[in-house]
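Per-entry structural report
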Amino acid sequence: MVALMALIGLVCGRAVRALADSYDPYDSNGFRGEGVMPVPAWPPAVEVLTAAVAALVAWRIGPPYVCFAVIGTALAVIDWRTCLLPDAITLPAYPIMALALLPTGELPRALAGGAALAAAYGLLWFLRPDAMGLGDVKLAGLIGMASAALSWQALIVAAVCGQLLGAVYGVALLLTRRGTRHTEFPFGPFMLLGAFATLGLTW
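Residues numbered from 1 in each chain as written. Predicted model: local features only at pLDDT ≥ 70, side-chain atom pairs only at ≥ 80, totals over all residues. Heavy atoms only, no water.

**Quick look at the packing of aromatic side chains**
Keep this limit in mind: Here is the rule: rings of Phe, Tyr and Trp (six-membered ring for Trp) pair when centre to centre is within 6.5 Å. Planes less than 30 degrees apart are stacked, more than 60 are edge-to-face, and the remainder are tilted. Counting from the N terminus, the helices are DSSP H or I runs at least four residues long and the strands are E runs at least two residues long. Relative accessible area decides the class of each residue, using a 1.4 Å probe on protein chains only: under 20% of the type maximum gives buried, over 50% gives exposed, and in between gives partly exposed.
Taken as a whole and judged by the stated rule, the model has 6 aromatic pairs. Consider the rings of W80 and Y169, whose centres lie 5.8 Å apart with planes at 65°: the pair is edge-to-face. Pair noted here: W80 is in helix α3 (residues 66-82) and Y169 is in helix α7 (residues 152-175), with a separation of 89 residues, a long-range link. Residue W80 is classed as partly exposed on the basis of its relative accessible area, which comes to 45%. With 5.0 Å between their ring centres and 70° between their planes, Y169 and F185 make a pair best called edge-to-face. Of the two residues, Y169 is situated in helix α7 and F185 in the loop between α7 and α8 (188-201); the sequence distance between them amounts to 16 residues. Take Y169: its relative accessible area is 21%, and that puts it in the partly exposed class.

Set out below in structure tokens:
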């Protein structure tokens, strides 16, 4: 089953690559960037990454969570390249995730967890809109659904891990003089990395 999920992830990785190529960065004036380099075809890092995440999640907690693995990987790649978490992917992911998690029998808790984490990030966005985008708030709902379907503890760990990883990256930028306290960077990949780590380490 794990090998099958990895194969599905590998195939879906081609779609992830196409999605990543279809979104370009925006400059400070909101215009699409020019001359954006496409996601390289070789090495097939996107496909391998998608397959690895799908296999890990399937191995640790089961096939119903592979949907989140593929969607999350796509959003992480797009956000890292473009600082954009497109509604065209994030919003349809909610009903898709709900259907995927239905067999687990934990959909009510998943929905409650998604609402709770989205509300928490919404509060952070309200307090500091310059430090977080609404895309992160919408992504938090998906992460909350996937992690809360396992347990409330998993939800807390996923949320904390995402914040810690983002903070560590920010500190690394400062220490290496590659950024300042006001440097903006995509936060979604760190939120998702924290979620994937939580799901992969769950026993």
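Still more to cover.
**Looking at the pattern of salt bridges**
Note the following rule: Here a salt bridge means any side-chain nitrogen of Lys or Arg lying within 4 Å of a carboxyl oxygen belonging to Asp or Glu.
Under the criterion given, the structure shown has 4 salt bridges. Here R109 ties to E106 by a salt bridge, and the two come within 3.5 Å at their closest N and O atoms. Counted as one network, the salt bridges with shared partners bring together R14, R17 and E47.

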